Amino acid sequence: MNKRQFLKYGTVIAGGLITANTGALGRIMADGSYPHRRRKAVLRLLFKPYELQLRHVFTLASGSRTTTPVVLTRLEFDGQFGFGEASMPPYLGESHETVLKFLSQVNLEQFTDPFLMEDILAYVDGIMPGNHAAKASVDIALHDLVGKIIGRPCYRIWGLDPGKTPLTSFTIGIDTTEIVRQKVREAAPYHVLKVKLGAGDDKIMINTIREISDKPVCVDVNQGWKDRGYALEMAHWLKDRNVMFIEQPMPKTQVDDLAWLTQNSPLPIVADEAVQTVSDLLEARGLYSGVNIKLMKCGGMNQAVKMAWMARAMNMKVMIGCMTETSCAISAAAQLSPLADWADLDGNLLITNDCWEGITIRDGKVTLNDRPGIGIREKVKIF
Ligand SMILES: [Mg+2]
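Draft legend 1. Quick peek at the overall build of the protein chain. What the protein chain contains, in helices and strands, is 13 helices and 15 strands. Per-residue burial for the protein chain yields a buried fraction of 47% across its 383 residues. When contacts within the protein chain are restricted to residue pairs at least 6 apart in sequence, those whose partners lie at least 24 apart make up 68%.

In structure tokens form, the structure reads like this:
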């Protein structure tokens, strides 16, 4: 080998060594096993059970209660925190026990990129069927976290106009005429009343309200009417008394009766119990003229915003509703309210121990703020 050849091979050998070294170094860094290198940030989930205290005994066609169990969640990524909530009214079948069991199976530490929201939420959804409130608590925390990393509220990330939020209704439960009068007076700041019917004398409820208020009313029967003839007669009677729409008038299983009622009713018929998820919405075509979308039914903001766009494409009215929840889940739902015709986001106003400060209601209208993510601030330290 002459000098020129030696220099040539030497360079190749040296080059090979440098390449090999770089490769080895690269593998060590990707593993995160190189001792002096920082480990890649991962998503970490914390959760705590909490009990909401209701201001009034809450009566629906299905029963009464004074508390609602919730679970509060916190998702951490690289020093940033996102917060979420699961609310479990008893009729949906989830409880502290089921949500804690579900969340203890969620391993988000496998994810190093919170922006892969579709993948992360598909993993969470695939852990077990159902458990929609538990899934929503992860989904909401993830949206809050990503919004905070970007530094923008979710409604801005979705391209929605905060000026287009709807009025929200204030719910009046089934009660004695004296309490109903008191609740209507309490609802003074709201421009729309939501009245629960279907468990007593419906006409007395409406007449009591109409004695002291001429505000528009929406009616929620919670599947309480069984006879379609009665339902249609009531729809006409309610229309004459400035009622805007009827929510879930009959049991969701009475499909033919509901289709007939929707076709003949002078008021829009809105699905609630019948439509929980995206696939339920597809089946509701022709049976209802609108849908009440709730984060706790569909599994969170990701599904809810898809349902809202789908319903609009199907020429159905959109309502954004809630359970009794803290300002965390309410503010999360409010992020998509510019897509809704009607909002029923009063769940945080019906409790006495809200641990968050979030969206507000101004002059009866859902009012979004500029805070990133879902727009909440801690009022009471939870985590
Ligand atoms: Mg309802």
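More follows now that the structure is in view.
Draft legend 2. Main features of helix 4 (residues 132-150). Relative to the 27 Å expected for 19 residues at 1.5 Å per residue, helix 4 spans 27 Å between its end C-alpha atoms, a close match to the ideal helical length. Most of helix 4 is tucked away, with 17 of its 19 residues classed as buried. Where helix 4 ends, the next residue or the one after it, G151, has phi of about 85°, a positive value.

Draft legend 3. Highlighting unusual backbone geometry. Its identity is not glycine, yet N131 carries a phi of approximately 50°, on the positive side. For N242, which is not a glycine, the phi torsion comes out positive at approximately 60°. With respect to the secondary-structure elements, N242 resides in the loop between helix 8 (228-239) and strand 7 (243-247).

Draft legend 4. Local environment of the sheet that holds strand 4 (residues 169-172). The sheet built from eight strands is open, its strands ordered 4-5-6-7-8-9-10-11 with parallel pairing. Two strands close off the open sheet at either side, each with one partner strand: strand 4 and strand 11 (342-343). Where strand 4 meets strand 5 (residues 192-196), four bridges bridge the pair, whose relative direction is parallel. From the neighbouring strand, F170 faces strand 5, where its bridge partner is L193.

Cut-offs and rules
Residues numbered from 1 in each chain as written. Predicted model: local features only at pLDDT ≥ 70, side-chain atom pairs only at ≥ 80, totals over all residues. Helix = DSSP H or I, 4+ residues; strand = E, 2+ residues; numbered from the N terminus. Buried ≥ 20, exposed ≤ 12 C-beta atoms within 10 Å, placed from the backbone. Contact = placed C-beta atoms within 7 Å. Expected span 1.5 Å × (residues − 1). Pairing = 2+ DSSP bridges.

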